[in-house]
Amino acid sequence: MEYTTDTIPAQFWRIKYDQDHDGSAPLLPSISESPNCQNFAYALLKHFGHEISPFRSSNLWEDVEETVVVTGELRALDLLLFNRTSSPWGAHVALYLGGGKAIHLSKKESTAVIWPSAQFQTLAEYQIFIGAKRLRKFGGTN
């Protein structure tokens with residue numbers, strides 16, 4: 001399945017990135033408290049019926065219970081991690097939509113945007129593709 005602009009509900013397009021979001025806080029706040037890339041991707045997954053713990057990016061990358069590292073072709077709703085280094089700490093999280101595109105909420109853009117996957121690597125802050133994580137179970141709580 002491929003997701004498009006039309007399949008993303010209007011409320012997601014109205015979310016504004018919290019410019020004061022504390023990326024070093026140990027716990028990820030809810031999207032209503034401080035919208036950022038991670039809780040945006042997780043809220044969109046939840047909208048499509050899939051639960052995931054509120055991982056920070058490095059915890060998401062290290063997780064083996066709820067997610068697995070994608071080793072083959074990407075599938076819609078895979079979580080993509082990008083950073084300016086190969087470290088998952090502080091990595092940017094986007095949600096793959098299929099068709100070579102991903103949606104994300106970034107500080108620079110302020111609101112949600114859909115980009116071709118290759119566009120991430122044209123910016124210094126996203127130039128390293130760390131990898132993708134896939135939910136072990138789809139639907140319900142993992």
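What you see is a predicted model; the values in this text were computed from it and never measured.

A closer look at helix H2 (residues 37-47)
Then, in step 1: For H2, the buried fraction is high: eight of the 11 residues fall into the buried class.
Then, in step 2: Residues Cys37, Gln38, Asn39, Phe40, Ala41, Tyr42, Leu44 and Leu45 constitute the buried set of H2.
Then, in step 3: A positive backbone phi angle near 90° is found at glycine 49, which sits one or two residues after H2.

What to know about the sheet that holds strand E4 (residues 101-105)
Then, in step 1: The strand order E1-E6-E2-E3-E4-E5 describes an open sheet built from six strands, whose pairing is antiparallel. Where the open sheet ends on each side, the last strands, each with one partner, are strand E1 (67-69) and strand E5 (112-116). For this sheet the average axis-to-axis angle between neighbouring strands, irrespective of direction, equals 35°.
Then, in step 2: Summarising the sheet, strand E3 (residues 92-98) and E4 pair through three bridges and their orientation is antiparallel. Each bridged residue has a counterpart across the sheet, and for leucine 95 the counterpart in E4 is isoleucine 103.
Then, in step 3: Against the sheet, H2 makes contact with strand E2 (79-83), E3, E4, E5 and strand E6 (128-135), and its axis sits at roughly 30° relative to E3, the strand it touches most.

A word on the pairing of E3
Then, in step 1: Buried residues dominate E3, accounting for seven of its seven residues.
Then, in step 2: The pairing of E2 with E3 spans four bridges and is classified as antiparallel. Paired with leucine 81 across the bridge in E3 is valine 93.
Then, in step 3: Where E3 folds back on E4, the antiparallel hairpin that results is connected by two residues, among which glycine 99 adopts a positive phi of roughly 60°.

Description of the layout of surface pockets
Then, in step 1: One number sums up the size of the largest pocket: a volume of about 510 Å³.
Then, in step 2: Going through the elements one at a time, H2, helix H3 (57-62) and E2 are the ones with two or more residues in the lining of the largest pocket.
Then, in step 3: With three residues, the single largest contributor to the lining of the largest pocket is H3.
Then, in step 4: Classifying every residue of the lining of the largest pocket by side-chain character gives nine nonpolar, 12 polar and five charged.
Then, in step 5: Each pocket or cavity is described by its volume, and for the second largest pocket that value is around 210 Å³.
Then, in step 6: Together, 13 residues line the second largest pocket, and Asn39, Tyr42, Ala43, Lys46 and Ile52 are the ones closest to its centre.
Then, in step 7: Of the residues in the lining of the second largest pocket, the class split is seven nonpolar, four polar and two charged.

What counts as what
Residues numbered from 1 in each chain as written. Predicted model: local features only at pLDDT ≥ 70, side-chain atom pairs only at ≥ 80, totals over all residues. Heavy atoms only, no water. Buried < 20%, exposed > 50% of the residue type's maximum accessible area, 1.4 Å probe, protein only. Helix = DSSP H or I, 4+ residues; strand = E, 2+ residues; numbered from the N terminus. Pairing = 2+ DSSP bridges. Axes fitted to C-alpha atoms, helices over the stretch in contact; angles between N-to-C directions. Contact = heavy atoms within 4.5 Å. 1 Å grid on protein atoms, 1.4 Å probe; cavity = no way out; pocket = protein on both sides within 12 Å on 5 of 7 lines; lining within 4 Å. Points joined across faces, edges and corners; volume = space filled by probe spheres on them. Nonpolar A, V, L, I, M, F, W, Y, C, P; charged D, E, K, R; others polar.

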